[in-house]
Amino acid sequence: EAQVTQNPRYLITVTGKKLTVTCSQNMNHEYMSWYRQDPGLGLRQIYYSMNVEVTDKGDVPEGYKVSRKEKRNFPLILESPSPNQTSLYFCASSLGLAVIGETQYFGPGTRLLVL
Amino acid sequence: AQSVTQLGSHVSVSEGALVLLRCNYSSSVPPYLFWYVQYPNQGLQLLLKYTSAATLVKGINGFEAEFKKSETSFHLTKPSAHMSDAAEYFCAVSIQGAQKLVFGQGTRLTINP
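Everything numeric in this text was worked out from a predicted model, so none of it was measured.

Asks: Pulling in residues and values, what's your account of the overall build of chain A?
Replies: A tally of regular secondary structure across chain A gives 0 helices and 11 strands. Helices and strands in chain A line up, N terminus first, as β-β-β-β-β-β-β-β-β-β-β. What you see for chain A is a C-alpha radius of gyration of 13 Å, in line with the 13 Å of a compact globule of 115 residues. For chain A, the proportion of its 115 residues judged to be buried stands at 50%. When contacts within chain A are restricted to residue pairs at least 6 apart in sequence, long-range pairs at least 24 apart make up 54% of them.

This is the structure in C-alpha cells:
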C-alpha cells in the first residue's frame, strides 16, 4: 500500500530533551516536506526537500533540523524542544515539484506535547 | 506573496443541506488550488485540485469547486451533506517557484442530524 508513515504518533517530552520524528514514504517520491498544524493557523511549512541531500527552510524553521540521506526517509529533529513546539506535525511527499500542481500525500500526523 | 483565506472557521449544516465552504486566494500569477479534508485523528486527504484545466473541478465524495479568477475564489460545495462529511477542510495554493503549499486556516464542518 502506497503511504507515508510517521513515528511516533504521540509523544510527550520535557523541555530540552532532543527528539526525532521519523517519516518514510514508499512511493519513490522526490519531494518531501514537514508541516506543523496549530489551531487557527492551518498548516505551516517547516522544511522541505527536493531530493536526497537537498533541503531548504520553509516558513517556520526555527528550532528544527532535517536530513535527507535516503530518498524514502525525511526525519524531523528537535535538538532542544520548547513548549512553543507543542503541535501536530505532518510529513508529506509528492512525486515531483509541488509547484506544478502535484498532489501531496500526507502521513497520519504526530502529536507532540513539550512540558 | 500568495495567501489563502477561508471564511468561517466553523460551519454547521443539517444533513441533506447544501455545503458551501469559502476560499479566497491572493496570487499575482496563475495558481494551483487544492482542497484537502482531515478526518478526526487522520492526516490530510486530497479532495480535489485545480491546475488550469476546467474551472469546475469535481472531486471525491460528491464535492466540487469552481475556480473564479475574477473573484479570486475557489469555493467548495456539495449539494447534500452527509454525516460522514463532518471533518476539517483546508484550502491550499501553490505557484511556480514557491516549492510549497500555502494553507488556509481551515474550516471545521459539523453536520446536524
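Asks: Can you lay out the side chain of T110(A) for me, pointing to particular residues and giving the numbers?
Replies: Residue and element names in this part refer to chain A. Note on placement: T110 falls in strand β11 (residues 110-114). A polar contact is formed between the side chain of T110 and the side chain of Q6, at a distance of 3.1 Å. In contact with T110, other than residues within four places in its own chain, are Q6, P8, R9, V21, S87, L88 and Y89.

Asks: Go over the nonpolar core with me, naming the residues and quoting the values.
Replies: Counting residues in hydrophobic clusters, the biggest one holds 28 residues, and the most contacted among them are W35(B), L48(B), F74(B), L76(B) and Y89(B). Contributing elements (two or more residues each) for this core: β2 (10-14), β3 (19-26), β4 (32-38), β5 (44-50), β7 (64-68), β8 (73-78), β9 (87-94) and β11 (107-112) of chain B. When neighbours within four sequence positions are excluded, L76(B) is seen to be in contact with V19(B), L20(B), L21(B), W35(B), L47(B), L48(B), F63(B), E64(B), A65(B) and Y89(B). Counting residues in each nonpolar core, the second largest holds 19 residues, with V4(A), M27(A), Y47(A) and F74(A) among its members.

Asks: Describe a nonpolar patch on the surface, naming the residues involved and giving the relevant values.
Replies: Taken together, the side chains of I12(A), V14(A), L113(A) and L115(A) make up a nonpolar region of the molecular surface, amounting to roughly 380 Å² of accessible area. On the secondary structure map, V14(A) appears in the loop between β2 (10-13) and β3 (19-25).

Asks: So what about the environment of A17(B)? Which residues, and what values?
Replies: Note on placement: A17(B) falls in the loop between β2 and β3. Not counting the four nearest positions on each side in its chain, A17(B) is found in contact with K78(B), P79(B), S80(B) and A81(B).

Asks: Quick one: what's the story with the pattern of salt bridges, residue by residue and with numbers?
Replies: For the structure on display, the rule yields 8 salt bridges over all chains. Residue K78(B) is joined to D85(B) by a salt bridge in which the shortest nitrogen-to-oxygen separation is 2.8 Å. Per residue, the accessibility class of K78(B) equals that of D85(B), and both read buried. Look at the salt bridges and you will find they share partners, linking K18(A), K65(A) and E79(A) into a network.

The rules behind these values
- For every chain, the first residue of its written sequence is number 1, and the numbers climb from 1 along that sequence.
- Numbering of ligands from 1 and lettering of chains from A proceed in the order in which they are written.
- In view of the model being predicted, local features appear only for residues whose pLDDT reaches at least 70, and side-chain atom pairs are presented and counted only at 80 or more, with totals across whole chains, interfaces and linings using the full set of residues.
- Side-chain descriptors were evaluated using all non-hydrogen atoms of the structure, hydrogens and water having been removed beforehand.
- Counting from the N terminus, the helices are the DSSP runs of H or I reaching at least four residues and the strands are the DSSP runs of E reaching at least two.
- The globule rule used for comparison is 2.2 Å times the number of residues to the exponent 0.38, while the radius of gyration itself is calculated over C-alpha atoms.
- For the exposure calls, accessible area comes from a 1.4 Å probe over protein chains only, and a residue counts as buried if that area is under 20% of its type's maximum, exposed if over 50%, partly exposed in between.
- Only heavy atoms matter for contacts: two residues are in contact if any of them lie within 4.5 Å across the pair.
- The term polar contact refers here to a pair of N or O atoms within 3.5 Å; inside protein, the definition further demands a hydrogen-donor-capable atom paired with an acceptor-capable atom, and it admits residues adjacent in sequence only when both atoms are side-chain atoms.
- Among buried residues, the Ala, Val, Leu, Ile, Met, Phe, Trp, Tyr and Cys ones that are joined through side-chain atoms within 4.5 Å form a nonpolar core.
- Here the term patch refers to residues with relative accessible area over 30% and no salt bridge, with like charges joined within 9 Å and nonpolar side chains (Val, Leu, Ile, Met, Phe, Trp, Tyr) within 5 Å.
- The Shrake-Rupley method, run with a 1.4 Å probe sphere, supplies the accessible areas, and residue values consider only the shown protein chains as cover.
- Between Lys or Arg on one side and Asp or Glu on the other, a salt bridge is scored when a side-chain nitrogen of the former is within 4 Å of a carboxyl oxygen of the latter.

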